[in-house]
Amino acid sequence: MELEESIQDFVDSDSMVTIGATVVTGFEKVAMEEIKEKIEHIDMTYIRGKIFIQMLPKAISGLHKLLSVDNLFLVIKYVPHYVYPDEKEIMLKSLAKFPVGLPWDEVTKFWRLNLEHCKKPNKNKQSSKRVPNKHDMENNSEVRFRVTSSRAGKSQCVTSPDADLHFGGALQDVTNWTVDLSHYNMEIFFSMGFDAIMISMSLTYRSLHHRHISHFGKTTLKSTIAHNMLRLCNIQTGDFVVDPMCGSGVIPIEGYAQWKNAFYLAADNAHPAIVRSSSNVKFLNKECTKTKFPIDVLHWDATRMPWRTATVDVCVTDLPFGKRLGSQADNRKLYPSFLHEMARVSRLRTARACLLTHDKRSIITALAKVSSLWKIKQSHTINIGGLRAGVYLLQRTITLAKDVVL
């Protein structure tokens, strides 16, 4: 279905609504699989980095339980095929007209409904976004809003600050809400696309990937990326899942958060990584009263694992990029040795591996050397920290590792 057909304007809190979800570019289809499993929806489509869901408002509680997406927003107004005026003064006048006639009272009602389902932030973390307090949760809480504008391309004759000022000022005139740029409890987005305009409201006060982790390293993986990598592996009950280069332990932690009937092991050769991973597991087991995270953390060399042959079902790991840690010269030696050793400890035919790296040349070269041990089932290009990284889903063959010499 075309995007224009999938996005409908917000009418009231009882009608069908369009919810947008941001996702790491390249993982849109993977995230849609989770949404299909967990959210009662009518229709769904996606564009680069965003998924749009048509659903009833009663399903909103499930949105905040999604593990594959970063941020959520309610679409209030979508104007496709918009032609931007060439003159700035005309565009500024147009900005002031956009808030007029929109159902802001119903938007406020939906905002209060959403507040009931927002997750509480980890108290050990800092966030640039305003987090609701008890006063915000009350039905009579006052709206304190800010407008955040963005634009794509150069077809617009106004800047984002221009849009903030003129659209935001007109919105205040229409609603009588209080403007509060620092301690806002509602954020309205005004997005100027290449040929479309979207007005939306944030449903998350911080990205949903801010979860579980309290101790971070230089290259700590986003929880949403970890979840999508694990999802690619189709984890089954009883699977033994290993992250042999665990960093901060994000992957096994996210694995247990979703698939509790599998077994998880985190390991690394760097002592600081072991400390971080252990600290994250201990923190979760201390803070979580309903769920414990039975994850073991070991210190090992991923190219010489102290592990029995053919016992691992799934390997998911974030390989060194050779940017902040290591180098590409190191990767050219590490990657083939690791893949060979991982093949030794993995079950023949059934084992899966999902690997993330920005050093595509080194991983492709390494996979060519062990092509009789691992077959590439899928590959995805994702955006991670502004870098175009590769995600490779591998399937173990029936060839014994001892029969392959590097």
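Use the structure listed above.
Let me begin by describing the structure that accompanies this report. Since we're looking at a predicted model, the values are computed, not measured. (Residues numbered from 1 in each chain as written. Predicted model: local features only at pLDDT ≥ 70, side-chain atom pairs only at ≥ 80, totals over all residues. Heavy atoms only, no water.)

**Looking at the overall build of the protein**
Check the secondary structure of the protein and you find 12 helices and 15 strands. Computed over its C-alpha atoms, the radius of gyration of the protein comes to 24 Å, within 12% of the 22 Å expected for a compact globule of 406 residues. Dimensions of the protein, computed from C-alpha atoms along their principal axes, come out at roughly 75 × 50 × 35 Å. Counting over 406 residues, the protein shows a buried share of 53%. About 19,100 Å² of surface is accessible on the protein, with carbon and sulfur atoms providing 51% of the total. Here the protein carries 53 positive and 41 negative side-chain charges, and the mean point of each set is 9 Å from the other. (Helix = DSSP H or I, 4+ residues; strand = E, 2+ residues; numbered from the N terminus. Rg over C-alpha atoms; globule rule 2.2 N^0.38 Å. Buried < 20%, exposed > 50% of the residue type's maximum accessible area, 1.4 Å probe, protein only. Areas by Shrake-Rupley, 256 points an atom, 1.4 Å probe, with all protein chains shown as cover. Lys, Arg positive; Asp, Glu negative; His and termini not counted. Charge placed at Lys NZ, Arg CZ, Asp CG, Glu CD.)

**Remarks on the sheet that holds strand E8 (residues 197–202)**
Taking strand neighbours across the sheet as the criterion, the eight strands line up as E2-E3-E1-E4-E8-E7-E5-E6 in an open arrangement whose pairing is mixed. In this open sheet, the two strands that pair with only one neighbour each are strand E2 (41–47) and strand E6 (178–179). As paired elements, strand E5 (residues 144–151) and E6 share two bridges and run parallel to each other. Across the sheet, Phe145 pairs through a bridge with Val179, a residue of E6. Sitting on the sheet, helix H5 (residues 104–115) is in contact with strand E1 (17–22), strand E4 (71–79), strand E7 (186–192) and E8, with an inclination near 40° to E8. Across the sheet, helix H7 (residues 160–175) is in contact with E5, E6, E7 and E8; its angle to E5 comes to roughly 145°. (Pairing = 2+ DSSP bridges. Contact = heavy atoms within 4.5 Å. Axes fitted to C-alpha atoms, helices over the stretch in contact; angles between N-to-C directions.)

**Describing helix H9 (residues 250–258)**
Across the nine residues that make up H9, a large majority, seven, are buried. Among the residues making up H9, those that are buried are Val250, Ile251, Pro252, Ile253, Glu254, Gly255 and Tyr256. In this structure, the buried side of H9 is in contact with helix H8 (223–232), strand E9 (240–243), strand E10 (263–268), helix H10 (271–287) and strand E12 (314–318).

**A look at the sheet that holds E10**
The strand order E11-E10-E9-E12-E13-E15-E14 describes an open sheet built from seven strands, whose pairing is mixed. Edge strands, defined here as strands with exactly one partner in the open sheet, are strand E11 (296–299) and strand E14 (374–384). For this sheet the average axis-to-axis angle between neighbouring strands, irrespective of direction, equals 20°. Sheet analysis places strand E13 (residues 352–357) next to strand E15 (residues 387–396), joined by six bridges and oriented antiparallel. Residue pairing in the sheet places Cys354 in a bridge with Leu393 of E15. The strands touched by H10 are E10 and E11; relative to E11, the strand with the most contacts, the crossing angle is about 170°.

**Comments concerning the packing of helix H4 (residues 88–97) against H7**
Where H4 meets H7, the closest approach of the two axes is 7 Å, and the angle between their N-to-C directions is 40°. The pairing of H4 with H7 is recorded here as oblique in orientation. For the crossing formed where H4 meets H7, the hand is right-handed. Residue-level contacts link Lys88, Leu92, Leu95 and Ala96 of H4 to Asp162, Ala163, His166, Phe167 and Ala170 of H7. Split by residue class, the contact of H4 with H7 holds six nonpolar, one polar and two charged. (Parallel < 35°, antiparallel > 145°, perpendicular 65-115°, else oblique. Left-handed = near helix turned anticlockwise from the far one by under 90°. Nonpolar A, V, L, I, M, F, W, Y, C, P; charged D, E, K, R; others polar.)

**Things to note about the pairing of E5**
When a strand is regular, its side chains alternate between the sheet's two faces. Tracing the backbone out of E5, into H7 and back to the parallel element E6 gives a crossover that is right-handed. With seven bridges joining them, E5 and E7 adopt parallel strand pairing. Within the sheet, the bridge partner assigned to Val147 lies in E7 and is Ile188. (Right-handed = clockwise from strand over helix to strand, strands pointing away.)

**Describing a nonpolar patch on the surface**
Among the surface-exposed residues, Leu348, Ile398 and Leu400 lie close enough to one another that they form a single nonpolar patch of about 250 Å² accessible area. By secondary structure assignment, the location of Ile398 is in the segment after E15. (Patch = residues over 30% accessible without salt bridge, like charges linked within 9 Å, V, L, I, M, F, W, Y side chains within 5 Å. Salt bridge = Lys/Arg side-chain N within 4 Å of Asp/Glu carboxyl O.)

**As for the packing of aromatic side chains**
A complete count under the given rule lists 12 aromatic pairs for this structure. Relative to Trp307, the ring of Phe240 has its centre 5.5 Å away and its plane inclined at 15°; by these criteria the two rings are stacked. Note that Phe240 is positioned in strand E9 and Trp307 in the loop between E11 and E12, a separation of 67 residues in sequence. Take Phe240: its relative accessible area is 16%, and that puts it in the buried class. Put simply, the rings of Tyr82, Tyr84, Phe98, Phe167 and Phe190 pair up and form one aromatic cluster. The cationic tip of Lys260 hangs over the ring face of Tyr256; the distance from NZ or CZ to the ring centre is 5.5 Å. (Phe/Tyr/Trp six-rings, centres within 6.5 Å; stacked < 30°, edge-to-face > 60°. Lys NZ or Arg CZ within 6 Å of the ring centre and 35° of its normal.)

**A few points about the side chain of Arg352**
When you line up the elements, Arg352 lands in strand E13. For Arg352, a relative accessible area of 13% puts it in the buried group. One polar contact links the side chain of Arg352 to the main-chain carbonyl oxygen of Cys233, over a distance of 3.0 Å. With residues near it in sequence (within four places) discarded, Arg352 still touches Cys233, Asn234, Ile235, Gln236, Asp239, Asp313, Val314, Cys315, Trp374, Leu394 and Gln395. (Polar contact = N/O pair within 3.5 Å; in protein donor to acceptor, adjacent residues only side chain to side chain.)

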